[in-house]
Every structure is written in C-alpha cells, then in structure tokens.
Amino acid sequence: MITFFLQKSKKEIFQAIIGPFIFSRLILLFIAWFSQYFRASAQYFSSDSATSHFAFSSFRFLDVWGRWDSGWYLKIAQQGYLFSNVGEQQGNSFAFFPLYPSLIKLFSLIVSQQFLNQEIWLLIAVVLSNLFFLFGLVIFYFLVKNILLDKSKTEKETQNLAAKSVFFLLLFPTSFFFSAAYSEALFFLLVVSSFSLMKNKKYLLASLIISVASITRPYGILLLLPLLISYFQDRKWQISKINWQLFSFVWPILALGTYAYYCYTQTGDFLAFLHAQGEWSRQFSWPWQSILDPRHFIGYVTPVEKLLTVTSFIPLFLSFKFLPISWAIWANAVNLIPLLSGTISSNLRFLIVLFPIYVVLAIMSQQKPQLEKIILAIFLVLQVLLFSAWCQLYWVA
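Residues numbered from 1 in each chain as written. Predicted model: local features only at pLDDT ≥ 70, side-chain atom pairs only at ≥ 80, totals over all residues. Heavy atoms only, no water.

How would you sum up the environment of Tyr259? Please name residues and give values.
In this structure, Tyr259 sits in helix H11 (residues 251-267). When residues no more than four places from it in sequence are discounted, the contact partners of Tyr259 are Tyr81, Phe94, Phe96, Phe97, Pro98, Ile215 and Phe273. (Helix = DSSP H or I, 4+ residues; strand = E, 2+ residues; numbered from the N terminus. Contact = heavy atoms within 4.5 Å.)

This is the structure in structure tokens:
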C-alpha cells in the first residue's frame, strides 16, 4: 500500500507540477529565441548590453534570465555590498537583502576560480532560482490541497483546484521572474514553507523559516502576522494557553536586526536598506496616488501595472471569504505596503509571491468555467508580451 501511495504521489506531482513547470519554461525559452528579432531597448543601464543585446552571456537561453536587478545580486555575490556603482547602474546595494546573493556565493565555491566568469555566476543563480521555484511549487500544491480538504472538499476537487492554482501561477504575466536571477523564487519557497509549517502547527520551525525570509526580501518580516494569528487561533485566543514557543517569534526580528546592524557598520545607518529605496524615488504616498499618478510612468508597462494592480484587489479581497484569515491578512498587507511608495514600478513582480491570488482564481474558475478561459487568455498574452520585452532589455518590473 505504501508503494502504491508513493507511486500515486509521484505521478500526481509530475502531472500537476513538474510537467507544467518544464513545459512553461520551454515555452518561455521559445519566446526568448524569437524575441531577439525585435528591437532591443536603448535605455538599458549598460550601453554595451544595449548594443550587443546581451547582458551577461552570448548564449541567449542563459542570458535572458539576467536583466536589471540581476546585476545587483551577482555583484553582491562576487564583491559584497557596495554603496554604489554596478557597472553603469547607480544606486545603493543595501536595498537588496543578503540571503540570495549569499547562496549564489556559497554554491560558487564548488566551481574552480579559473572557470568563474559572468556566465557561470549567472548560471549558478538561474539554477538556484529554478530549483527554489520547483520545490516551492510542490509545497504550494500540497498546502492548497490540505487547506481545501479542511473545507470539506473531496480529494478529487482539492487535487483539481490545487493543480489549477499551480497553472494560474505559472501563467501569471510576470511569473518568469521565478526563473530569473532574482530572489523571488527563494522568497516564494520560504513563504509557502512557512505557511505549510503553520498549517501543521510547527511554530518553532515556521519562526525559523520566517527569520530566513526576513533576510531575503523586505516584506519577509510581515510573515509574523500570519504566524501570530495561527498561533493564537490554535489556542482559541486564550492567554492562559500561551507557552514558551511564543518567545521564538522574536527570531525574525533578530534576523532583520542583524542585517540592520550590518548596514550600520557599513554606512552608519541602521535603516540603510529602507533609505536606499529613495534611490528609486520611493517616497510615502497614499495608495490611490500611487495608482492614479505613479512616479516613473513608462508608456508600454505602466498601464499594465495599473490594470493588474487594481484587478488584483478582487481575488485578494475574496481571499477573506474563501481562505484562512491568516492568508488573507498577509496577502493584503504585502500588497498594500508597496502602494505606499508613490510608484507601482516593480509591482508586477511583487504580486507573483501572493499565492492566495492563484487559489482564489482557481476557486472562482471552478464556479464559472468561462471566467477561467478569459483569465488564462489574458495572462498568456501579457506574459508573452512582457517576457519578450524583458528579453530585449526593456524594463518590466
């Protein structure tokens, strides 16, 4: 029986996760190849790249995964934190949290120094991102199944909805960032892992994972919200049932504090990672101001940013109805914070880790099958266009 279950699980994992993952990446490579016949951006920060049409490698199938902020992560991995100057790109590297570039550096140690060039550094980063993403998809799939089973769904229904959730994620217009030399894949893995641990009431491990997430992305610390909610819900909000595990919830704060202290030792500013956002003109504004009159308006992408930012409110608000309250509060909080910055630049990328969106879309599409076709068609068209632009050095998110 155990052998049968394992075989069934392997088959399920391949059909619902590995197969769609591989197919989606092959489609992206197909798009990458044909996008080279379109005009490349002349506004890319590196004039050499804008001329040669590649950033890190002449091998296009590798190079397309390294654009824009990839340069920051790779430079931090190679040289540590710099106050400014990444090639011709100016800014403050402390805005980019340390775990992802540290892992790139760690895995570079298995490569002989004589072979370490820009292509190899990028290859290491891309391989890590794809592995993180694939593991994250597996955890995400089973997390969704377990949550929906708790809501009296049948095994077949939960399997179908979990597979649809994965499918919506893979087709989301900017999900290609999960395979790029960016920290999104690692952060996604840590996010779904922490929620899975919360679901299984493993709060110590969840707090440890959140600590790691807190030095991966600026919003990692917000995972403390669902952790606290889950912990107190498990104890029916009775103070008398609080135990020593609660003290472990300070670990994420200590982790972020450690990075803040490192920033202080290098710059004299504990909040250098926050103040660095000013380099990208991020300043406080009300959410409606950020959406209606955002700074850094880019004609070919800002309208898409506005469209997806506004329409994302629908599944995010519906998550309060369909999903655990801790999921809904976390997703809406993470969505709100960037909207206080006066710009929606990069919001298309920030949205991709908000996994409750995909679960709600799967539930909605089950209730209204016609809606599924419309959403998938829109997602597919936008992903083709945005990834083609990305490959040709245009700013996307």
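On we go from here.
Can you break down empty space enclosed by the protein residue by residue, with the values?
Under the definition given, this model contains 1 cavity of 30 Å³ or more. Put simply, the largest cavity is a space of about 60 Å³. The set of elements that each furnish at least two residues to the lining of the largest cavity consists of helix H8 (184-199) and helix H17 (347-350). Residue composition of the lining of the largest cavity, by class: 5 nonpolar, no polar and 3 charged. (1 Å grid on protein atoms, 1.4 Å probe; cavity = no way out; pocket = protein on both sides within 12 Å on 5 of 7 lines; lining within 4 Å. Points joined across faces, edges and corners; volume = space filled by probe spheres on them. Nonpolar A, V, L, I, M, F, W, Y, C, P; charged D, E, K, R; others polar.)

Go over the environment of Asn332 with me, naming the residues and quoting the values.
Within the element layout of this structure, Asn332 appears in helix H16 (residues 325-336). Note: C-alpha distance between Asn332 and Leu186 (146 residues apart in sequence) is 20 Å. Residues within four places of Asn332 in sequence aside, it is in contact with Leu316, Phe317, Ser319 and Phe320.

Hey, could you go over the packing of helix H14 (residues 302-311) against helix H15 (residues 313-322) for me, with residue numbers and the actual values?
At a minimum axis distance of 4 Å, the contact between H14 and H15 shows a crossing angle of 15 degrees. Considering their axes alone, H14 and H15 lie roughly parallel with respect to each other. Between H14, through Thr309, Val310 and Thr311, and H15, the contact on the second element is made entirely by Phe313, Ile314 and Pro315. Looking at the contact of H14 with H15 residue by residue, the class counts come to 4 nonpolar, 2 polar and no charged. (Axes fitted to C-alpha atoms, helices over the stretch in contact; angles between N-to-C directions. Parallel < 35°, antiparallel > 145°, perpendicular 65-115°, else oblique.)

Mind laying out the side chain of Arg349, listing which residues take part and the relevant values?
With respect to the helices and strands, the residue Arg349 is situated in helix H17. Judged by its relative accessible area of 4%, Arg349 is buried. Discounting chain neighbours no more than four positions away, the residues touching Arg349 are Asp69, Thr174, Phe177, Tyr182, Glu184, Arg217 and Ala397. (Buried < 20%, exposed > 50% of the residue type's maximum accessible area, 1.4 Å probe, protein only.)

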